[in-house]
Amino acid sequence: MFNRFEVFQMDVLKEVGNIGAGNAATALSQLLNRPIDMGVPTVQMLPFEEVAEKVGGDERIVVTVFLRVEGEAPGNLFFMMTPEAAKMLLNRLTGFDLKEGLDFTDMEQSALSEIGNILAGSYLSSLADFTKLSMYPTVPGLAIDMAGAILSYGLLQFGEMGDAALLIDTSFFEGEDQVEGQFFLIPDPPSFAKIFESLGVPLSYD
């Protein structure tokens, strides 16, 4: 099914990823009052059922910030990191002294939610600006659980998701330190067509 995404359409999605990464780095830098860089993201389309595989499988424990996208092209957003990456991100960005393991304090979870909200908002704003479509996020939620369980909860919470996911692999840098996370946009079934039609590039189903 993914051969319907032609080269130009993928280039548009990659450009959105690049702009979103730049906006996210700027937002984090302003929040923390120090330089934060983001690497050039890797952008690809994949079936919804392969999302969990990209973060290590259904049973892989992940820290996830998730939210619903509302507006003219609704869908769902998930930002997933390993617990190790989440703790490194908190340590590098906030200076928290964190213990190993899966436990996060209420303050740490709040900080992760805010960071995820900034990142998701940056990418969503980039997509909305690019397409001129009204798209806005709901209040984010935070979950620390198996990837399969989180995605299943998303299906129950938000209803049937689209069959395609946009994956943006993201890397954060402060000095020589690097933290990786994966950002998934899973539009509702009609939303990809709306996004590309807004750009004058109708989505082909041939």
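Up top is the structure.
These figures come from a predicted structure and were not determined experimentally.

Q: How should the pattern of salt bridges be read in this particular structure?
A: A side chain with one charge may pair with a side chain of the opposite charge, provided their charged atoms come close. Going through the model one piece at a time under the given rule, you end up with two salt bridges. Across the salt bridge formed by Asp 188 and Arg 68, the nearest N and O atoms sit 2.6 Å from each other. Of the two residues, Asp 188 sits in the loop between strand E8 (177-187) and helix H6 (191-198) while Arg 68 sits in strand E3 (residues 61-71), which places them 120 residues apart along the sequence.

Q: Sorry, what's going on with the layout of surface pockets here?
A: Rolled over the atoms, a probe sized like a water molecule indicates the empty space that remains. Taken as a whole, the largest pocket spans an internal volume of roughly 180 Å³. Residues belonging to the lining of the largest pocket are distributed by class as follows: six nonpolar, seven polar and two charged.

Q: What am I meant to see in a negative patch on the surface here?
A: A cluster of acidic side chains, namely Glu 49, Glu 50, Glu 53, Asp 58, Glu 59 and Asp 163, defines a negative patch on the protein surface. Locating Asp 163 in the fold gives a position in the loop between helix H5 (147-158) and strand E7 (164-174).

Q: Would you mind showing me how to read unusual backbone geometry here?
A: Most peptide bonds are trans, and most residues other than glycine sit at a negative phi. With a phi close to 65°, Lys 132 is a non-glycine residue in the positive phi region. Counting through the fold element by element, Lys 132 comes out in the loop between helix H4 (106-131) and strand E5 (135-137).

Q: In this structure, what is going on with helix H1 (residues 7-32)? I would like to understand it.
A: A turn of α-helix holds 3.6 residues, and therefore any two residues three or four places apart point the same way. Here H1 spans 37 Å end to end across 26 residues, near enough to the 38 Å set by a 1.5 Å rise per residue. Taken from the residues just after H1, Asn 33 is the one with a positive phi, measuring 60°.

Q: Got a minute to help me understand the environment of Leu 133 in this structure?
A: For Leu 133, the location among the structural elements is in the loop between H4 and E5. When its relative accessible area of 13% is taken as the criterion, Leu 133 is described as buried. Sequence separation between Leu 133 and Glu 72 is 61 residues; the distance between their C-alpha atoms is 6.1 Å.

Q: I keep staring at the packing of aromatic side chains and nothing clicks. Help me out?
A: Aromatic ring pairs are defined here through the distance separating the ring centres and the angle between the ring planes. Summed over the entire model, instances satisfying the criterion amount to two aromatic pairs. Note that Lys 87 overlies the ring of Phe 104, its terminal NZ or CZ placed 4.8 Å from the centroid.

What counts and how
- Residues numbered from 1 in each chain as written.
- Predicted model: local features only at pLDDT ≥ 70, side-chain atom pairs only at ≥ 80, totals over all residues.
- Heavy atoms only, no water.
- Salt bridge = Lys/Arg side-chain N within 4 Å of Asp/Glu carboxyl O.
- Helix = DSSP H or I, 4+ residues; strand = E, 2+ residues; numbered from the N terminus.
- 1 Å grid on protein atoms, 1.4 Å probe; cavity = no way out; pocket = protein on both sides within 12 Å on 5 of 7 lines; lining within 4 Å.
- Points joined across faces, edges and corners; volume = space filled by probe spheres on them.
- Nonpolar A, V, L, I, M, F, W, Y, C, P; charged D, E, K, R; others polar.
- Patch = residues over 30% accessible without salt bridge, like charges linked within 9 Å, V, L, I, M, F, W, Y side chains within 5 Å.
- Areas by Shrake-Rupley, 256 points an atom, 1.4 Å probe, with all protein chains shown as cover.
- Lys, Arg positive; Asp, Glu negative; His and termini not counted.
- Charge placed at Lys NZ, Arg CZ, Asp CG, Glu CD.
- Expected span 1.5 Å × (residues − 1).
- Buried < 20%, exposed > 50% of the residue type's maximum accessible area, 1.4 Å probe, protein only.
- Phe/Tyr/Trp six-rings, centres within 6.5 Å; stacked < 30°, edge-to-face > 60°.
- Lys NZ or Arg CZ within 6 Å of the ring centre and 35° of its normal.

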